[in-house]
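Report on the structure
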Amino acid sequence: MKRKMKCWLSLVLAMVLLCGTLPVAFAAETGTPLYEQMGYESADAFMQDWYFDRVDYDWVCARYEAHLAQLAADPEKAFEQAYYGWDWAMVDEYYDSREAFLRDAAMQLVQLDTYEYVPPVSVQLNGETVAFPDAQPEMVHDRTMVPFRAIAETLGTAVDYDSGAITAVKDGTRCDFALGGDTLTLSDNATGAVLETVTLDAEPYEKDGRTYVPVRFFAETFGLTVQWDNDAQTAVLYDRDALVEQIDARFTVVNRWLAAQPVRDPAQTMRTAAALRVLYTAFNTIDGDETTVLLDGTLEVVDGSGGLTVDVQVDLYGLAALFAREYDKYTWDDAEKLSTQLAQWQEQLQNARLEMVWDAESGILYLRCPLLMELLAETSGVSMPQDKWIAFSDGLDDPLTGQNILAGTALLPETAFDTSGATIGTVLVTQAERNYAYSYSDLWGEVQQAADLFAAFAGDDCFTQSDAQYSADLSTQLPDEDGYVTASYTLDMSDGSIEGEVECRLNDWNGETLVTLTFAGDADRSDIALSVHVKNESLTEITLTLTQQPAPAGSETRVPASDEVITSEEIEAMLQNAA
């Protein structure tokens, strides 16, 4: 009797538990894919919409089912873990059913899980994830250790084992190392001549019958570039030279043009000058069109091994006046005060000047800007020295390296027009390595996309040849009759010059806009003209001229006299005392 009663109680308890979970079990629609439950047509669309970019679909499904079961057993946990401050009254007000609420809560908990998710260690080679069929990569003392045979075979390397000594041969180069050893020897496989001996910072070891090696040393041994993507926990391996060569094969014309640029001595002091002018015409059929000089200025940079000097002179009054007029259109707060202040500052704005000198030997940056000093005086109420140079002896250090941000660099990298040794492949790969320094696992794909985009208007298929000149004529009809883009340009291999024009017409809800661009230049001079014509509204015209010529050595640094200098610390103290 007791046994029968115990069985009945167990059955009743099971029925109670089953009934308690029925609403959620029904809501989960067992057998129906999660993405369909959430109203999506595909798993990819669901993952993208929920920003699940660090995990895979199966992981999301497993976590969702686990959280749903947890909430079925104790629905109150939804308020403790996901919807803080909510109660059932709020749920009943905003949700069609409590089951729908619990489904949402389970998904919110999945999202919270992703913040703590640490993906397993993986290896990527030339944009593809390397498959390890049995033993998997692992982190040991901050080093990525991988099963040797799997990675060697992926690289096309012949492997041989002999009593703890391991040999790998690829492209005539032999690599020898041993379990527990701390060195790796490279030699010519044909002659046996030792090429290099490398000290390893992680010793190879055996685990579950598999030999593990530090992937960085092994990959670099065979000429691969190795990066680490911490977010993805991925060792990113790629053949940099092969990638550059693959891209350059599509841009032989442009690369020949780059090679035609004059070669200049990087130690030569250079003077770069720029003149910029911006005109703005507001159309007015009643009172007459009004043309304003928004910006008119010059820039001079003298750059050399001793440092650099920068001198910027610009008329900012037109730009400030336009801002004041637009400000007056949309607000009434202090608009009259703004116009009054603008009139008072007209002379200073029309003659704004910024001078900078960086002395490479001392590492000190000197800055002089009377307009800045007047603004500081106006806002702080403290009289500021108008003609003094401000000396910054520190504060220009890179927070990561501790080095001066200008040390060993130039305001204009190398020289403004220096392309010696550059190819499209090297430019795209180098730029991607800078842009994706924290997400290297995306680098390979992004380089390919950038190359495809650039090839659309500068690939070899774009050009026709006439003697030393290569011309490209491009036109594109924008979708939905939104306008068109036409472009043409010519590269001259004889002198490295370029000239061309672009015309773009856009039609959208805001009206019609016509944009035209013309450009011509060589290593010494470039002229650019851009106009933006908004139908029945305005015309903005921009002209820019750049020139570059050698300058006398030593002219790049003109250190101010000590009586002309005030330190940044003194300026800071003056402002703090005023506060």
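Let me begin by describing the structure that accompanies this report. (Residues numbered from 1 in each chain as written. Predicted model: local features only at pLDDT ≥ 70, side-chain atom pairs only at ≥ 80, totals over all residues. Heavy atoms only, no water.)

1. Let's talk about the sheet that holds strand β4 (residues 143–147)
Strand order in this open sheet of four strands is β3-β4-β11-β10, and the pairing throughout is antiparallel. Two strands close off the open sheet at either side, each with one partner strand: β3 (138–140) and β10 (205–207). Ignoring which end each strand starts from, the neighbouring axes of this sheet average 40° apart. Inspection of the sheet shows β3 paired to β4 by three bridges, in the antiparallel sense. Across the sheet, residue Met139 finds its bridge partner in β4, namely Thr144. (Pairing = 2+ DSSP bridges. Helix = DSSP H or I, 4+ residues; strand = E, 2+ residues; numbered from the N terminus. Axes fitted to C-alpha atoms, helices over the stretch in contact; angles between N-to-C directions.)

2. Considerations on the side chain of Thr114
Mapping Thr114 onto the fold places it in helix α7 (residues 98–116). Among the residues examined, Thr114 registers a relative accessible area of 12% and is labelled buried. Sequence-distant contacts of Thr114, that is, excluding residues within four places in its chain, are made with Phe52, Arg54, Val55 and Trp59. (Buried < 20%, exposed > 50% of the residue type's maximum accessible area, 1.4 Å probe, protein only. Contact = heavy atoms within 4.5 Å.)

3. Considerations on the nonpolar core
Within the largest apolar cluster, 29 residues are counted, with the highest numbers of intra-cluster contacts made by Leu34, Phe46, Phe52, Val60, Tyr64, Phe101 and Met107. For this core, the secondary-structure elements that each account for two or more residues are α2 (34–37), α3 (43–49), α4 (57–73), α5 (77–81), α6 (88–94) and α7. For this core, the element with the highest residue contribution is α7, accounting for seven residues. Sequence-distant contacts of Tyr64, that is, excluding residues within four places in its chain, are made with Leu34, Gln37, Met38, Arg103, Ala106, Met107 and Val110. (Core = buried A, V, L, I, M, F, W, Y, C linked by side-chain atoms within 4.5 Å.)

4. Here we look at the pairing of strand β18 (residues 364–368)
As paired strands, strand β17 (residues 352–359) and β18 are joined by five bridges and run antiparallel to one another. Its bridge partner lying in β18, Trp358 is registered against Leu365. Between β17 and the antiparallel strand that follows it, β18, lie four residues; Gly363 among them carries a positive phi value of about 80°. Here β18 pairs with strand β19 (residues 389–392) via three bridges, running antiparallel. Bridge assignment links Leu367 to a residue of β19, and that residue is Ile390.

5. Side note on the packing of aromatic side chains
If you walk through the whole model with that rule in mind, you get 24 aromatic pairs. With 5.4 Å between their ring centres and 50° between their planes, Phe251 and Phe454 make a pair best called tilted. Separated by 203 residues along the polypeptide, Phe251 in the loop between α10 (240–248) and α11 (252–259) and Phe454 in helix α17 (residues 443–458) bring together distant segments of the chain. Owing to a relative accessible area of 25%, Phe454 belongs among the partly exposed residues under this scheme. Through a chain of ring-to-ring contacts, the aromatic side chains of Phe79, Tyr83, Trp86, Trp88, Tyr94, Tyr95 and Phe101 assemble into a single cluster. (Phe/Tyr/Trp six-rings, centres within 6.5 Å; stacked < 30°, edge-to-face > 60°.)

6. Remarks on the pairing of strand β13 (residues 234–238)
Among the five residues that make up β13, five are buried, leaving the element largely enclosed by the rest of the structure. Side chains of β13 alternate between two faces, with Thr234, Val236 and Tyr238 and Ala235 and Leu237 buried alike. As paired elements, strand β1 (residues 122–125) and β13 share four bridges and run parallel to each other. For Ser122, the partnering residue across the bridge sits in β13 and is Thr234. With five bridges connecting them, strand β12 (residues 225–229) and β13 associate as antiparallel partners. Considered in β13, the bridge of Trp228 is made with Ala235. In this structure, the hairpin formed by β12 and β13 is closed by a connection of four residues, where Gln233 is found at a positive phi of approximately 50°.

7. Examining the environment of Ser362
If you trace the backbone, Ser362 turns up in the loop between β17 and β18. For Ser362, a relative accessible area of 39% puts it in the partly exposed group. Residues Ser362 and Gly307 lie 55 residues apart in sequence; the distance between their C-alpha atoms is 9.8 Å. Polar side-chain contacts of Ser362 include one of 2.9 Å to the side chain of Asp359. Here the side chain of Ser362 touches Ile364 through a polar contact of 3.3 Å, landing on its backbone nitrogen. (Polar contact = N/O pair within 3.5 Å; in protein donor to acceptor, adjacent residues only side chain to side chain.)

8. Things to note about the sheet that holds β1
Hydrogen bonds along the backbone pair up the strands of a sheet, which may run parallel or antiparallel. Taken together, the four strands give an open sheet; going across it, the order is β2-β1-β13-β12, and neighbouring strands pair in mixed fashion. What marks the edges here is a single partner per strand, and that holds for β2 (128–129) and β12.

9. Examining the packing of helix α16 (residues 424–435) against α17
Contact geometry for α16 and α17: axes closest at 10 Å, N-to-C directions at 135°. Taken together, α16 and α17 sit at an angle that is classed as oblique. Once α16 is placed against α17, the crossing between them reads as right-handed. Contact with α16, carried on its side by Ile424, Leu428, Val429, Ala432 and Glu433, involves Leu443, Val447, Ala450, Ala451 and Phe454 of α17 and no other residues of that element. When grouped by side-chain class, the residues that make up the contact of α16 with α17 number nine nonpolar, no polar and one charged. (Parallel < 35°, antiparallel > 145°, perpendicular 65-115°, else oblique. Left-handed = near helix turned anticlockwise from the far one by under 90°. Nonpolar A, V, L, I, M, F, W, Y, C, P; charged D, E, K, R; others polar.)

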